[in-house]
2 protein chains.
Amino acid sequence: MQQTFSYDQLYNFTFKIFISIGCSEPDATIATKVLLAADMRGIDSHGVARLSGYVRLWEAGRINAKPQIKIVHETPSTAVVDGDGGLGLVVAPFAMQVAIDKAKNVGTGWVSVRNSNHFGIAGYHAMMALQQDMTGIAMTNASALVAPTFSIERMLGTNPIAVAIPAGKQPPFVADFATTTAANGKLEILQRKNANTPLGWAQDKDGKDSVDANVLKKQGALLPLGSDRGHGSHKGYALGSIVDIFSAVLSGASYGPWAPPFPAYVPIPDNMPGKGLGHFFGAMRIDAFRPTDEFKHHMDNWIERFRNAKPADGYERVLIPGDPERELENIRLKTGIPIVESVINELIQVGEKFGVTL
Amino acid sequence: MQQTFSYDQLYNFTFKIFISIGCSEPDATIATKVLLAADMRGIDSHGVARLSGYVRLWEAGRINAKPQIKIVHETPSTAVVDGDGGLGLVVAPFAMQVAIDKAKNVGTGWVSVRNSNHFGIAGYHAMMALQQDMTGIAMTNASALVAPTFSIERMLGTNPIAVAIPAGKQPPFVADFATTTAANGKLEILQRKNANTPLGWAQDKDGKDSVDANVLKKQGALLPLGSDRGHGSHKGYALGSIVDIFSAVLSGASYGPWAPPFPAYVPIPDNMPGKGLGHFFGAMRIDAFRPTDEFKHHMDNWIERFRNAKPADGYERVLIPGDPERELENIRLKTGIPIVESVINELIQVGEKFGVTL
């Protein structure tokens, strides 16, 4: 059913594929690192499982492998970056670096990006800020799969938000989550097992409760975080909307139901109101607020207090955002990354196109 | 059961109470405006219903009616404000103005606040940015009532987030929500009706599902947005944590379970790691990213498209964040503000202390 690969095996393969589609060496390097960060952290839907999807977008002429990424507008604390249709895996680290550089100068930096593509896991980009003793923020809009509260129309993507906050002796706080009750990747896992979803994850094309893991293929929709109005879905809808507006309306990318779809076989929407996908990044220097050591001391105290919060019966401990991903990363560094058969087959096929073996 | 008051009646009464406890005229004016904005917008739990609570905190020496609010640290795009124990209703607009002024200079402004108190509705402060063609962001930590995922201990407040985004012909986008499935005010409404809550709002002291609207008085806890792990409560827990850290760890306020409680009869926690409650504000100039007219045109398009998303059976229309509150505000401007009997009685009692009649 599945096989285990070392980080280096997957790295070498993925890097060669990016080189084969025409990426420069530095671009292929960063794209590979971002993609594999997902596999290492257990967000398997956003790692090498997407490599063939990126290649198909390139084949369809929807990804520019040699982008001229540019700052098109800026102030001391802000910028708009045009990704020139490049891989989001390359455009996003460029833009996050702009945010970090601005924060070095004036305390914080905020960058909205247009004309990009899927950028892998939001957490990678937010975590870039940590080495600089900064808090990092990353978000992106995405293909519309989510119905707003009271609606049956797919208007928003799963629009994730990541926030990475440095600590001292403790590992950093790293939240990285879709603004829906469940991310699409969770449905894909259940599809492979022929299992149903819990109630509250998705609705069918008429807006009725659904437990069908394939409901998105039948014009159903994912539900915003909160699931229904009585449990706060209007809050998840608002969060997804904020991500869409900061990422795309602010930058001049295509927003809402017009966000360009990831699957290359889905046609680009008519009358797109902007260019490509949009992202939004933020970096805040800790010492723009408070001495870094003092902050880290209190952040350690915060983390220790929450880690030691009294667990409910049947639970061993309370987790800090970022704990499960970091723990899995440590395991996978040692024992390798398990890849399911269907993904392996796709990778082999992609490799054959370019004469690259897995 | 309830009586209706005009805005002016409540304004005059509330203003006089704030003057009576020693506020300056400008401070009493802004405090009254912020408090009544909640009543006008239908967030009745945060309006005059809280006035007696503020007075009790003042009587207990926990609110300073004559604060020296100060910027204690700053960079071109950031500041930390010390509220000197003042009313959050006064400290918050001061700090938001600092954020707006910084945004005028360098594109964005970000202000973390310590040594403050409850600040009314987050939406009021975020909306201050709108007149300047800026996006406004406001959040605050609060008394611990919320258990993290897998925990039975109250570690976080309902920690609201507000985001206000200007539009052109359309009214602005204004999201303002607690990071829990239901705000505490929702439980209070059900208590008055002797009704149960839906499942998923709260848990009892052992972490078991509860529908008891009085469960918080029995050591139960509110649940983070998402309700349970299977429906994304770890995301609501992460959001509430981010609000706590940005508001309190960044500024030097008291965080997590040590946040000072609003009810004056609840003792201040021992060993508080910081001063008072914390808030966090942001202001982003639209034209720091894109020409304002262009942005507003696309924001109108965004709002119109979402407003016209196909509604589910049984629903008339899809709402934009801010629609319900704005519509209610227009109604209450004309027909007045209904106040329940128990709140009227409390107001009368507060008035008697200072010789102010309702």
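Residues numbered from 1 in each chain as written. Chains lettered and ligands numbered in written order. Predicted model: local features only at pLDDT ≥ 70, side-chain atom pairs only at ≥ 80, totals over all residues.

(A) Molecular detail of helix α2 (residues 25-40) of chain A. All names here are of chain A. Over its 16 residues, α2 runs 22 Å from end to end, which matches the ideal 22 Å to within 8%, given 1.5 Å per residue. With twelve of 16 residues buried, α2 is to be regarded as a mostly interior element. Looking at α2, one finds that the buried residues are Asp27, Ala28, Ile30, Ala31, Thr32, Val34, Leu35, Leu36, Ala37, Ala38, Asp39 and Met40. One or two residues past the end of α2 sits glycine 42, with phi positive at roughly 85 degrees. (Helix = DSSP H or I, 4+ residues; strand = E, 2+ residues; numbered from the N terminus. Expected span 1.5 Å × (residues − 1). Buried ≥ 20, exposed ≤ 12 C-beta atoms within 10 Å, placed from the backbone.)

(B) Main features of the nonpolar core. Core analysis: the largest hydrophobic core is formed by 250 residues, its most contacted members being Ala31, Ala95 and Ala99 of chain A together with Ala31, Ala95 and Ala99 of chain B. Split by domain, this core shows at least three residues from each of two domains, domain 1 (67-180 + 223-335) and domain 2 (182-222) of chain A. In this view, alanine 99 of chain A contacts Gly109, Trp110, Val111, Phe281, Gly282 and Ala283 of chain A; residues no more than four positions away in its chain are not counted. (Core = buried A, V, L, I, M, F, W, Y, C linked by C-beta atoms within 7 Å. Domains from an automatic or database assignment. Contact = placed C-beta atoms within 7 Å.)

(C) View of helix α7 (residues 233-249) of chain B. Taking 1.5 Å as the rise per residue, α7 of chain B with 17 residues should run 24 Å; its terminal C-alpha atoms sit 22 Å apart, in good agreement. Within α7 of chain B, 17 of the 17 residues are buried, which leaves the element mostly enclosed by the surrounding structure.

(D) Up close: the interface of chain A and chain B. The interface of chain A with chain B comprises 66 residues on the first partner and 67 residues on the second. Every element with two or more residues in the side of chain A that touches chain B is listed here: β2 (70-75), β3 (78-82), β4 (108-116), β6 (161-165), β7 (173-177), α7 (233-249) and α8 (292-307) of chain A. No other element matches α8 of chain A, which puts seven residues into the side of chain A that touches chain B. Residue classes in the side of chain A that touches chain B are distributed as 37 nonpolar, 22 polar and seven charged. (Nonpolar A, V, L, I, M, F, W, Y, C, P; charged D, E, K, R; others polar.)

(E) Geometry of the packing of helix α3 (residues 51-59) of chain B against helix α10 (residues 341-354) of chain B. Residues and elements named next belong to chain B. Taken N-terminus to C-terminus, the directions of α3 and α10 make an angle of 40 degrees; their axes are 9 Å apart at the nearest point. As summarised for this structure, α3 and α10 are arranged oblique, according to the angle between their axes. Our pair here, α3 against α10, has a crossing hand that is left-handed. Across the interface between the two elements, Leu51, Ser52 and Val55 of α3 pack against Glu346, Leu347 and Val350 of α10. Taken together, the residues that form the contact of α3 with α10 break down as four nonpolar, one polar and one charged. (Axes fitted to C-alpha atoms, helices over the stretch in contact; angles between N-to-C directions. Parallel < 35°, antiparallel > 145°, perpendicular 65-115°, else oblique. Left-handed = near helix turned anticlockwise from the far one by under 90°.)

(F) Quick peek at the pairing of β6 of chain A. All names here are of chain A. Counted residue by residue, β6 has five buried out of five residues, so it is predominantly covered. The alternating pattern of β6 places Ile161, Val163 and Ile165 and Ala162 and Ala164 on opposite faces, both of which are buried. One ladder, built from five bridges, connects β6 with β7; its direction is antiparallel. By the bridge assignment, valine 163 is partnered in β7 with alanine 175. (Pairing = 2+ DSSP bridges.)

(G) Broad picture of the confidence of the model for chain A. Looking at chain A as a whole, the pLDDT averages 97, with 100% of positions reaching at least 70. Prediction confidence for the complex, expressed as pTM and ipTM, is 0.98 and 0.98 respectively. (pLDDT = per-residue confidence, 0-100.)

(H) Examining unusual backbone geometry more closely. Residues and elements named next belong to chain A. Positive phi, normally seen in glycine, also occurs at asparagine 115, with a value near 60 degrees. Tracing the chain through its elements places asparagine 115 in strand β4. For aspartate 133, which is not glycine, the phi torsion reads 55 degrees and is therefore positive. Counting through the fold element by element, aspartate 133 comes out in the loop between α5 (122-127) and β5 (134-140).

(I) Expanded view of the packing of helix α1 (residues 7-20) of chain B against helix α2 (residues 25-40) of chain B. Residues and elements named next belong to chain B. Look at α1 against α2: their axes get within 9 Å of each other, and the N-to-C directions meet at 140 degrees. Here α1 is positioned oblique relative to α2, judged by the angle of their axes. When the axes of α1 and α2 are compared, the crossing they make is right-handed. Two secondary-structure elements touch here, α1 through Tyr7, Leu10, Tyr11, Thr14, Phe15, Phe18 and Ile19 and α2 through Ala28, Thr29, Ala31, Thr32, Leu35, Leu36, Asp39 and Met40. Taken together, the residues of the contact of α1 with α2 break down into eleven nonpolar, three polar and one charged.

(J) Geometry of the relation of the copies chain A and chain B. In screw terms, the move from chain A to chain B is a rotation of 180 degrees and a rise of 0.0 Å along the axis, fitting with an RMSD of 0.0 Å. Within this description, the copies of the chain are treated as partners about a two-fold rotation axis. Nearest to the rotation axis, the C-alpha of glycine 226 of chain A is located 2.4 Å from it, this being the minimum over chain A. A share of 100% of interface residues in chain A that are also interface residues in chain B marks the association as one of identical surfaces. (Least-squares fit on C-alpha atoms with pLDDT ≥ 70 in both.)

(K) Up close: the pairing of strand β11 (residues 277-285) of chain B. Residues and elements named next belong to chain B. Among the nine residues in β11, nine count as buried, and that is most of the element. The alternating pattern of β11 places Leu277, His279, Phe281, Ala283 and Arg285 and Gly278, Phe280, Gly282 and Met284 on opposite faces, both of which are buried. Two elements, strand β4 (residues 108-116) and β11, share seven bridges in a ladder whose sense is antiparallel. Bridge pairing links serine 112 to phenylalanine 280 in β11. Where strand β5 (residues 134-140) lies against β11, seven bridges are found, and the strand directions are antiparallel.

(L) Structural detail: the domain arrangement of chain A. All names here are of chain A. Segmentation of chain A into domains returns domain 1 (67-180 + 223-335) and domain 2 (182-222). Listed per partner, the contact involves ten residues of domain 1 and 13 residues of domain 2. When the residues that make up the side of domain 1 that touches domain 2 are grouped by side-chain class, the tally is six nonpolar, three polar and one charged.

(M) Focus on the environment of lysine 33 of chain A. Relative to the elements of secondary structure, lysine 33 of chain A occurs in helix α2. Look at lysine 33 of chain A and you get partly exposed, because 17 C-beta atoms sit within 10 Å.

(N) Quick look at the sheet that holds strand β8 (residues 202-203) of chain B. On the basis of which strands lie adjacent, the open sheet formed by three strands has the order β9-β8-β10 (chain B) and antiparallel pairing. Across the chains shown, the open sheet's two edge strands, defined by having one partner strand only, are β9 (209-210) and β10 (221-222) of chain B.

(O) Quick peek at the sheet that holds strand β8 (residues 202-203) of chain A. Residue and element names in this part refer to chain A. Pairing within the open sheet is antiparallel, and its three strands lie in the order β9-β8-β10. Only two strands of the sheet have a single partner each, and these edge strands are β9 (209-210) and β10 (221-222). With two bridges connecting them, β8 and β10 associate as antiparallel partners. Paired with alanine 202 across the strands is leucine 222, a residue of β10.

(P) Broad picture of the environment of isoleucine 121 of chain B. Residues and elements named next belong to chain B. In this fold, isoleucine 121 is placed in the loop between β4 and α5 (122-127). According to the C-beta neighbour criterion, isoleucine 121 is buried, with 26 such atoms within 10 Å. Counting along the chain gives 74 residues from isoleucine 121 to glycine 47, while the straight-line C-alpha distance between them is 8.3 Å. Non-local contacts of isoleucine 121, meaning those with residues more than four positions away in its chain, are made with Ala37, Ala38, Arg41, Ile43, His46 and Asp176.

(Q) Fine view of the environment of lysine 70 of chain A. Residues and elements named next belong to chain A. Mapped onto the elements, lysine 70 comes out in strand β2. Sequence separation between lysine 70 and valine 106 is 36 residues; the distance between their C-alpha atoms is 21 Å. Contact partners of lysine 70, with chain neighbours within four places excluded, come to Val81 and Asp82.

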